[in-house]
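An overview of the molecular structure
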Amino acid sequence: TFVKRGTYYMKLIVVVKGTSFRTASLKPAAILVAPAPHVNNASPLDVFNFRAAALLDSDLPVGVQTLEVAVEVTGTEPAVIDPNASVSAPVTAPTTPAPTALPTPKPTPAPTVSPTPAPTAKPTPKPTPKPTATVSPAPKPSATASASAAPVVKPTASPSASPAPSVTPEPSAAPPVINAAAAALSPTISIPEINPGEPIANPAIGATGDDSAPPVAFDPLGSPEAIAAVTETAATAVVVASSVAAAAAAAAAAGAAAGAAAGAAAGASAGASAGSSAGGSSSSSNSSGSSNAESESADIGSLDVVQEDFEIEKSEWGDRLAWFAIPGMRALDKLTHNLSLKLAPFSPLFAKLVNDGSYLRAIMGSPTILLSLAGAVLGVSGAIANDGVMLTPVWQALLAIAILGIFDAAAGFTAASLFITVSVFLALAKGVAIDISDVRLMFGIMLLSIGPAMLTTAFRKLRKHPANDAKSWWERLTDLAVAPFMAGWSTFAMVSGLPALAGLTLPVANHVQDFALAIAAAALVRVGFEEFAARYYPARLNAINPDHLPEPPMAQMVVSLAIKFAVWIIVGGALIGEGWQLWVGSALFLVPTVIGWFQDKFPNYPVIWRLIPSGVPGLALSLIVATVTTAATGAIVGAVPELASWSFVILPLPLLVLSLLGMFGRHGRDEDDLKPAQRNVWIYRIGGVLMLVVTLKLAGVI
């Protein structure tokens, strides 16, 4: 009760539904009994005065929003009537305010209010367990915000004085990470609601739901829901990195062993083997007779690539169009072809950037340079609009840049690099300090601009011979399903992580769904263009796209690995914080890549090859392992900041085991053997559809 003058604080904490936390217990030592003010030397009234230390901030839950209200009580303290005094004894009224109403409230030490025939109500002298008190309707001074003396607020004597069940959270509520795991593993399927362009609030990832709201500080480890979200983002990075890297290593070794003999059989196994393991193979899994090139794997935390080798000897009507007889229409054909060959030994990344848009140049010729020019305009204009502030462009401009990057990685790279360069220049010119969060955000923008295309073409080979039979058409239909999923899923994770990288709430996070859907749709269109170019412009595509790119030397691969490790440290530090887990976890991600360099020296066990799934089934297995591991870690550690850092270390371990097993099971007894599930065409097709649905469910898409 506000009996004495002073400042009282009320704190309202909004927590995520289902959050479990312990309420503080008021120990007897934390309660003092002191005489309250009284008049006429009446006997002291025992009043509970709580020490400030009785309830610490550490005892309170961590919420997504907190409201603290300070109540300043001033004026003359009201008089308290001794319950032992006679009813007829004169009562001294308070100075101000002086509302005197009969019956006069008379407190009593009794723990409950007992209505009597006397005209005096007897309130309880101490608060009930309720955290708030309701004002009795009996006539008495009412609480106001004025500077007058605070009224005596007494708890209600109604049956509602019992502790409300909503005060204490249900102890059975599971941490958010456990709930997310249960939802991912449940057999139910739910189609998400789609509202294109509408901002969606998600405080867990730094999305305010208001595009016009200025950025404010955001801590990705500041609430249980945020911890669960950042743990999920880190888990997605680990799954993509481990799955694609391990598949790439297996594909590279199998390609080196198979040589030209692998071409015919690869056409039937592209969907679940080489096609989805193209992260380290440069072969054309469906048709190309050569599959002996190796390259670095692709993953969400770095910018490694897989090259698109293509070789075909035929000509179609598109190759003979008069359009290409116009001077300058073929100017980029030989230039990009030779530049890719020269860059490959020094930087597979830049070789991939140059070669990625070959299918468009085969169809359109030199005008494809307009994509890079459009990217340049978007990048420069976005940086100028920020006026030296190191933030993302407006979300529509960033989405346009990401879409350009899906169709041509060089266009996305041009836009991102110019945006970063101009932003840094303007920041320095205006005296704006650039810190590590700004660097991380720029990394995130670059990754979003070119990453989805890199990951999609690494996981599923899109540049292949045109479909000409039932098997090849099935593989191309699989491309239409897998490529949009991989592009949209990785984009969802990248955009969700941008506020964590920046340490600020960002308007772009309000449109995670818009980014994922738009990039998935762009990937779907790209698959159609890849098939169109291979079918109707095969000679031009064969001339522009190198048949084989030279492998980088070991020195280049070591340097690339060091850069890769640095990127993991910089980006991972924003997700899980600094600590030894960041360094150990980042190193664990690189182990499959290092071991993959020497896997051709390992023995091959066909039984392991038959048991370990690859492609979409392999990704589904990785997601199951990641979901179970993260849930188990969350059950032990709890929804605390340490959950993300421990998951960063523990999660790669079982995925590393799967990767190592795959290196010892690179192919069957013969290099062109089919896996058991692929020997029956209908089991392969129906099983493939089911596995895709399961993967979409595990990834949280449905």
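From a predicted model like this one, the values you see are computed outputs, not experimental measurements.

With the exception of glycine, the majority of residues adopt a negative phi angle, and the majority of peptide bonds are in the trans configuration. Non-glycine residue Asp387 carries a positive phi angle of around 55 degrees. Residue Asp387 is classed as partly exposed on the basis of its relative accessible area, which comes to 44%.

Scanning the entire structure with this criterion turns up 14 aromatic pairs. Ring geometry for Phe350 and Phe413: centres 5.5 Å apart, planes at 85 degrees, overall edge-to-face. Note that Phe350 is positioned in helix α5 (residues 348–355) and Phe413 in helix α9 (residues 409–429), a separation of 63 residues in sequence. Residue classification places Phe350 among the partly exposed positions, given a relative accessible area of 37%.

Another point: empty space enclosed by the protein. With the rule as written, the count across this model stands at eight cavities of 30 Å³ or more. What the second largest cavity holds in volume is close to 60 Å³. Surrounding the second largest cavity, Ala204, Ile205, Phe218, Pro220, Ala226, Ala229, Val230, Thr233, Ser496, Gly497, Ala500 and Leu575 form its lining. When residues of the lining of the second largest cavity are assigned to their parent elements, the largest contribution, four residues, is made by helix α2 (residues 224–258).

Another aspect to go through is the pattern of salt bridges. As enumerated under the stated definition, the model contains 14 salt bridges in all. A salt bridge links Lys314 to Glu316, with the nearest nitrogen and oxygen atoms 3.7 Å apart. Under the relative-accessibility criterion, Lys314 is labelled partly exposed at 37%. Taking the relative accessible area as the measure of exposure, Glu316 reaches 25% and is therefore partly exposed.

A few words on the confidence of the model for the protein chain. Put simply, the protein chain has an average pLDDT of 74, and 67% of its residues get 70 or more. Here helix α3 (residues 262–269) stands out as the least confident element of the protein chain, with mean pLDDT 35; helix α8 (residues 395–407) is the most confident, with 97. Contacts of residues 86–174 to residues separated by more than four positions or lying in other chains number 110 contacts, the stretch itself having pLDDT below 50.

A separate point is the packing of helix α11 (residues 470–502) against helix α12 (residues 512–536). At a minimum axis separation of 8 Å, α11 and α12 run at an interaxial angle of 150 degrees. Classified by the angle between their axes, α11 and α12 sit roughly antiparallel to one another. Crossing of α11 against α12: the hand is right-handed. Contacts between α11 and α12 involve Trp473, Arg476, Asp479, Leu480, Ala483, Pro484, Ala487, Gly488, Thr491, Phe492, Val495 and Ser496 from the first element and Val512, Phe515, Ala516, Ile519, Ala520, Ala523, Leu524, Val527, Glu530, Glu531 and Arg535 from the second. For the contact of α11 with α12, the per-class residue count stands at 15 nonpolar, three polar and five charged.

Right, let's talk about helix α19 (residues 652–664) for a bit. The end-to-end C-alpha separation of α19 is 19 Å, in line with the 18 Å expected for 13 residues at 1.5 Å each. Those residues of α19 that fall on the buried side of the exposure criterion are Pro652, Leu655, Leu656, Ser659, Gly662 and Met663. Each buried residue of α19 lies within a common arc of 120 degrees when the element is viewed along its axis, so the set occupies one face.

Turning to a nonpolar patch on the surface, a few remarks are in order. Taken together, the side chains of Leu428, Ile434, Ile436, Val439 and Phe443 make up a nonpolar region of the molecular surface, amounting to roughly 400 Å² of accessible area. In terms of residues, the nonpolar patch owes the most to one element, helix α10 (residues 436–459), which gives three residues. Residue Ile436 is classed as partly exposed on the basis of its relative accessible area of 44%.

This brings us to the environment of Thr456. Tracing the backbone shows Thr456 in helix α10. Between the C-alpha atom of Thr456 and that of Gly488, which follows or precedes it by 32 residues, the distance is 9.4 Å. For Thr456, the residues in contact, after removing those within four places along its chain, are Leu462, Ala483, Met486 and Ala487.

Between the first and last C-alpha of α9 there are 30 Å, a value that for 21 residues agrees with the 30 Å anticipated at 1.5 Å per step. Along α9, the residues that are buried comprise Ala409, Ala411, Gly412, Ala415, Ala416, Phe419, Ile420, Ser423, Leu426 and Ala427. End-on, the buried residues of α9 take up no more than an arc of 165 degrees, which puts them together on one face. α9 presents Thr421, Phe425, Leu428 and Ala429 as exposed residues on the side facing more than 90 degrees away from its buried surface. Lining the buried residues of α9 we find α5, α7 (369–386), α8 and α10. Within two residues after α9, Gly431 carries a phi angle of roughly 75 degrees, on the positive side.

By size, the foremost hydrophobic cluster in this structure holds 96 residues, and its most contacted members are Leu448, Trp489, Leu498, Val508, Phe515 and Leu619. Each residue touching Leu498, except ones within four places of it in the same chain, is listed here: Leu398, Leu441, Gly444, Ile445, Leu448, Leu506 and Val508.

Packing of α8 against α10 leaves a shortest axis separation of 7 Å and a crossing angle of 35 degrees. In terms of crossing hand, the pair formed by α8 and α10 is right-handed. For the pair α8 and α10, the contacting residues are Leu398, Ile401, Ala402, Gly405 and Ile406 in the first and Ile445, Leu448, Ser449, Pro452 and Ala453 in the second. Grouping the constituent residues of the contact of α8 with α10 by class yields eight nonpolar, two polar and no charged.

What counts and how
Residues numbered from 1 in each chain as written. Predicted model: local features only at pLDDT ≥ 70, side-chain atom pairs only at ≥ 80, totals over all residues. Heavy atoms only, no water. Buried < 20%, exposed > 50% of the residue type's maximum accessible area, 1.4 Å probe, protein only. Phe/Tyr/Trp six-rings, centres within 6.5 Å; stacked < 30°, edge-to-face > 60°. Helix = DSSP H or I, 4+ residues; strand = E, 2+ residues; numbered from the N terminus. 1 Å grid on protein atoms, 1.4 Å probe; cavity = no way out; pocket = protein on both sides within 12 Å on 5 of 7 lines; lining within 4 Å. Points joined across faces, edges and corners; volume = space filled by probe spheres on them. Salt bridge = Lys/Arg side-chain N within 4 Å of Asp/Glu carboxyl O. pLDDT = per-residue confidence, 0-100. Contact = heavy atoms within 4.5 Å. Axes fitted to C-alpha atoms, helices over the stretch in contact; angles between N-to-C directions. Parallel < 35°, antiparallel > 145°, perpendicular 65-115°, else oblique. Left-handed = near helix turned anticlockwise from the far one by under 90°. Nonpolar A, V, L, I, M, F, W, Y, C, P; charged D, E, K, R; others polar. Expected span 1.5 Å × (residues − 1). Arc of directions from axis to C-beta. Patch = residues over 30% accessible without salt bridge, like charges linked within 9 Å, V, L, I, M, F, W, Y side chains within 5 Å. Areas by Shrake-Rupley, 256 points an atom, 1.4 Å probe, with all protein chains shown as cover. Core = buried A, V, L, I, M, F, W, Y, C linked by side-chain atoms within 4.5 Å.

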